[in-house]
Amino acid sequence: MSLRCDALTVRYRDRVAVRPSSIALARGTVVALVGPNGAGKSSLLKAIAGLVPCTGTVQAGEQALSTSPRSRARTIAYLPQSPAAHWPMKVRDLVALGRLPHRAFGSALRPEDAAAIDAAMRETGVTALAERAVDELSGGELSRVQLARALAVRAPILLVDEPVAALDPYHQLEIMHVLTDYAARDALVVAVLHDLTLAARFAHRVIVMHEGEVVADGRPEQVLSAETLRRYYHVEPFLSHVAGQPLVVPWRTLQ
Amino acid sequence: MSAALKRDWPLYAALVTALLVVVPVALGVGRTSGGPAFGLGSPELASAIFLEIRLPRVLLGLLVGGTLGLCGAALQGLLRNPLAEPGLLGASSGAAFGAVLVFYFGLAAGQSLLLPLGAVAGSLTALATLYALAGRRGDLLGVILAGIAINALAAALTSLALNFAPSPYAALEILFWMLGSLADRSLAHVALALPLMLPAWIMLGAAARGLDALTLGEDVAQSLGYDPKTTQWLVIGGTALAIGAAVAVTGVVGFVGLVVPHVLRRAVGFHPSRLLLPSFLGGAVLTVAADLVIRLMPPGPELKLGVVTALLGAPFFLHLVLRARRAGVA
Amino acid sequence: MSPRLVPVVLMLASAAAAADELPSVASINLCADQLVLSIADPAQIRTVSWLAADPHESMLDAEARRYPLNYGSAEEIIEFAPDVVVAGIFTSAFTRALLRDLGYTVVDLAPEDSIADIERNIEIVAAALRRAERAAVVIGEMRAHVAALAATRRPELATAVVVRPGGFTVGAHTLADELMNLAGLRNVVAESGLDRWGSLSMETLLRSTPALLIQTGYRREQPSLANLVLEHAALTGLTTTTATVTVPAKYWSCGLPASLYSVEMLQAARRELP
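Before going into details, it helps to say that this report is about the structure given with it.

1. A word on the overall build of chain B
Inference 1: Within chain B one finds 14 helices and two strands.
Inference 2: Computed over C-alpha atoms, the radius of gyration of chain B comes to 20 Å, within 12% of the 20 Å expected from 2.2 N^0.38 for 330 residues, which places it in the range of a compact globule.
Inference 3: Sorting the 330 residues of chain B into buried and exposed places 57% on the buried side.
Inference 4: For chain B, the share of sequence-separated contacts (at least 6 apart) that also reach a separation of at least 24 residues comes to 79%.
Inference 5: Accessible area of chain B: about 12600 Å², with a carbon and sulfur share of 74%.
Inference 6: Across chain B, the 19 positively charged side chains and the 13 negatively charged ones have centroids separated by 8 Å.

Here it is in structure tokens:
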């Protein structure tokens with residue numbers, strides 16, 4: 001589903017986290033939201049997800065985002081930066097929580113729920129962990145389980161904040177492929193990423209934020225240029241191509 | 001809910017069996033000067049003893065114990081902490097203070113129903129104060145701090161009232177009442193507590209799914225369609241109402257709300273929603289069983305129920321804290 | 001009376017004909033126990049509370065031990081099937097209410113704060129037990145005793161202070177205060193403004209330099225924090241220089257004609273003073 005924000009502003013008590021921002025994102029794409037620390041990336045994501053008070057409008061698909069929590073929950077799935085798992089449930093049960101927006105009160109899991117859960121676990125490679133308690137997992141395993149929970153919602157818009165931060169290179173690449181595959185099924189994936197290399201390689205679109213403002217928005221090769229990185233990150237990158245895909249590696253800090 | 005019943009049927013079977021064992025035994029055991037009395041006494045008195053003495057006591061034990069267990073489970077789900085207890089919000093101590101005020105002004109003498117009404121007024125006042133302190137958009141930490149403040153205030157006011165008690169006997173009566181007891185309660189007390197408990201139970205049941213969603217944290221819960229603030233006020237409101245009603249009729253009975261959900265949590269796969277009803281049943285069983293133990297003691301003045309639950313619960317609580325510290329969690 | 005119990009009562013009433021139609025009584029409060037023991041015909045008494053049999057608590061413990069003892073719960077009481085139940089206003093409100101629901105007549109007695117209160121409670125109990133003549137006798141004896149004590153009272157009052165375990169004392173409008181006056185003593189603490197009961201400030205005690213210290217000696221052989229207070233240095237210093245008399249606590253816990261014996265103890269102590 002496509003997403004469109006108009007003059008979306010997030011104001012906390014003493015400061016403006018996100019200046020009025022207008023963006024339009026198409027479905028079937030992976031959008032990387034990047035920028036230095038404190039740029040407002042997480043706040044923007046939360047504002048779209050409806051988790052922080054904001055002004056401006058958010059439109060999902062053809063209509064304004066529904067005010068009904070359940071309807072909104074079926075449209076947008078959200079995964080925060082360090083997702084919590086307060087009770088040591090089994091992995092399968094935690095992933096199953098992703099089906100809450102679809103389940104009527106007091107009902108049992110339906111076949112489509114079970115299918116979504118199994119698919120989400122398969123996509124993130126955690127099927128073997130299904131019967132383990134979540135407090136016995138390693139950091140990386142738990143990250144993948146949490147992503148599985150978000151995937152299980154099967155929402156047309158998926159917002160993820162630092163989905164690969166705790167993962168080893170193998171799983172980092174796997175998860176980026178999962179996100180790409182998810183988008184390929186006509187969904188919109190917006191991911192806050194710190195890793196510019198991954199952003200450049202896997203995203204169809206990159207949005208750079210700096211001090212609460214969207215300062216760049218476009219294809220990775222255009223946006224993640226040496227100039228952008230020098231200006232907003234104060235780093236000198238190494239730029240190249242591998243098999244037609246852009247390679248961006250921050251190389252040296254600048255004064 | 002039928003889905004949960006099907007999924008956890010062994011647990012429900014065990015709890016219902018325990019109930020079916022404990023309740024008839026509790027109805028059949030009384031207490032006279034010579035100690036425990038089995039059966040219903042002489043035939044002319046049997047119906048009076050059964051209907052007016054045993055039945056209200058066991059029924060109230062079920063309702064109050066169930067309420068305590070349910071509130072404990074809901075509160076632990078809300079606070080995401082297995083060490084949470086219903087007394088935390090200040091509802092128990094507010095209710096106790098309300099009752100003490102009634103004693104202090106001598107209103108309770110000869111009219112025991114005014115006492116529960118005073119307690120309910122106290123618990124609702126505590127809730128209103130909590131609401132005012134923590135605000136409508138109160139975050140969880142704010143609620144906890146407000147609860148601590150209200151507890152401290154209620155305890156201080158209760159001590160003040162005791163200080164000015166009209167006689168040492170009045171002070172003693174209050175202190176003994178606060179220890180918690182089911183002795184000599186009547187069906188009138190059941191009729192007083194139930195209309196308050198029923199809506200409270202419904203509120204807590206309505207929060208079930210929200211509690212599940214909170215397992216993932218407040219942001220994710222919101223994104224799944226369950227506003228954490230709604231869940232919070234359902235649990236707080238329901239708990240204050242139910243605990244107020246319970247304290248009003250039995251005094252302060254602690255630790256049931258801590259122990260029961262804790263023991264049953266693993267059996268329901270740690271799902272907060274699946275824990276609610278089993279905690280109700282478990283709390284009912286535990287309370288009636290504890291009261292039964294009291295009646296089986298050798299002859300002498302009756303032990304207070306709150307004392308028994310504290311003697312069982314406090315070591316358990318200590319064990320939990322030690323275990324949590326060893327696991328590096330608390 | 002509740003319809004449930006009508007057949008019960010009729011049956012018991014016919015069995016009780018031997019007791020001369022005097023109502024049978026159960027007492028569930030220490031002060032009520034002692035009043036009942038003083039006023040009722042022994043055949044009327046079904047049970048008294050366990051505290052009445054304790055020599056530390058009760059002035060009539062020997063008499064109390066002749067009867068079955070109860071621990072104050074409704075289920076026990078209905079086994080005794082009394083016509084009347086006597087209790088105190090601070091006895092468990094639940095028990096009293098339940099007994100009333102079951103159809104029993106429950107008489108509530110307020111604590112006795114004066115000799116007049118003792119007479120009042122005697123009359124209340126006598127009315128419930130239909131022992132008016134006995135009450136008249138008891139009251140008459142008590143008044144005679146009071147008159148005798150007033151006659152032997154020294155007109156010059158000596159100052160005195162009551163020290164109870166826990167550092168408590170008695171103020172104005174209490175039975176102990178009235179009895180002290182009857183003994184020829186001025187209650188310094190009451191004069192300094194304390195009403196009813198409260199804590200004794202050591203400073204008040206020392207400043208007032210009472211001529212007589214009255215201790216109530218409650219369970220001195222048992223270790224207790226309350227008794228430790230009595231060993232406060234200021235107090236022990238005082239006891240070496242001030243006259244002391246011990247009045248057992250049971251005389252003042254409840255108000256009874258026998259409470260007047262405490263006046264005799266106080267008057268004896270008064271006579272020793274300069």
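Alright, that's what it looks like, and here's the rest.
2. Notes on the interface of chain A and chain B
Inference 1: Contacts between the two partners involve 30 residues from chain A and, on the opposite side, 31 residues from chain B.
Inference 2: Of the roughly 2400 Å² buried between chain A and chain B, counting both surfaces, carbon and sulfur atoms make up 64%.
Inference 3: At the junction of chain A with chain B, the criterion picks out two salt bridges.
Inference 4: The partner of R7(B) in a salt bridge is D93(A), and the shortest N-O contact between them spans 3.2 Å.
Inference 5: Listing elements by their share of the side of chain A that touches chain B, those giving two or more residues are α2 (69-75), β6 (76-79), α3 (91-96) and α5 (139-152) of chain A.
Inference 6: A total of three residues in the side of chain A that touches chain B trace back to one element, the largest contributor, which is α2(A).

3. Section: helix α12 (residues 256-264) of chain B
All names here are of chain B.
Inference 1: In terms of residue burial, α12 counts as a mostly covered element, since eight of its nine residues are buried.
Inference 2: The complete set of buried residues in α12 reads V256, G257, L258, V259, V260, P261, H262 and L264.
Inference 3: Among the structural elements, α2 (9-28), α3 (43-79), α13 (272-295) and α14 (305-326) are those in contact with the buried residues of α12.

4. Quick notes on the nonpolar core
Inference 1: Within the largest apolar cluster, 155 residues are counted, with the highest numbers of intra-cluster contacts made by V95(A) and L158(A).
Inference 2: The dominant element in this core, judged by the number of residues it contributes, is α3(B), at 13 residues.
Inference 3: Ignoring anything within four residues of it in the chain, the contact list for L158(A) reads A77(A), A150(A), L151(A), L179(A), Y182(A), L188(A), V189(A) and V190(A).
Inference 4: Core analysis: the second largest hydrophobic core is formed by 55 residues, V25(C), A53(C), M142(C) and L266(C) among them.

5. Here's the deal with the interface of chain C and chain B
Inference 1: Listed as interface residues are 32 residues of chain C and, on the opposing side, 36 residues of chain B.
Inference 2: Both faces considered, chain C and chain B share a buried interface measuring about 2900 Å² in area, 65% of it formed by carbon and sulfur atoms.
Inference 3: The interface formed by chain C and chain B includes one salt bridge.
Inference 4: With a shortest N-O distance of 2.6 Å, E75(C) and R54(B) are connected by a salt bridge.
Inference 5: Counting across the interface, chain C meets chain B through five residue pairs in polar contact (both at pLDDT 80 or more).
Inference 6: Breaking the side of chain C that touches chain B down by element, the ones donating at least two residues are α1 (6-15), β3 (69-70), α4 (74-80) and α5 (93-101) of chain C.

Conventions used here
- Residues numbered from 1 in each chain as written.
- Chains lettered and ligands numbered in written order.
- Predicted model: local features only at pLDDT ≥ 70, side-chain atom pairs only at ≥ 80, totals over all residues.
- Heavy atoms only, no water.
- Helix = DSSP H or I, 4+ residues; strand = E, 2+ residues; numbered from the N terminus.
- Rg over C-alpha atoms; globule rule 2.2 N^0.38 Å.
- Buried < 20%, exposed > 50% of the residue type's maximum accessible area, 1.4 Å probe, protein only.
- Contact = heavy atoms within 4.5 Å.
- Areas by Shrake-Rupley, 256 points an atom, 1.4 Å probe, with all protein chains shown as cover.
- Lys, Arg positive; Asp, Glu negative; His and termini not counted.
- Charge placed at Lys NZ, Arg CZ, Asp CG, Glu CD.
- Buried area = accessible area lost by both parts, 1.4 Å probe.
- Salt bridge = Lys/Arg side-chain N within 4 Å of Asp/Glu carboxyl O.
- Core = buried A, V, L, I, M, F, W, Y, C linked by side-chain atoms within 4.5 Å.
- Polar contact = N/O pair within 3.5 Å; in protein donor to acceptor, adjacent residues only side chain to side chain.

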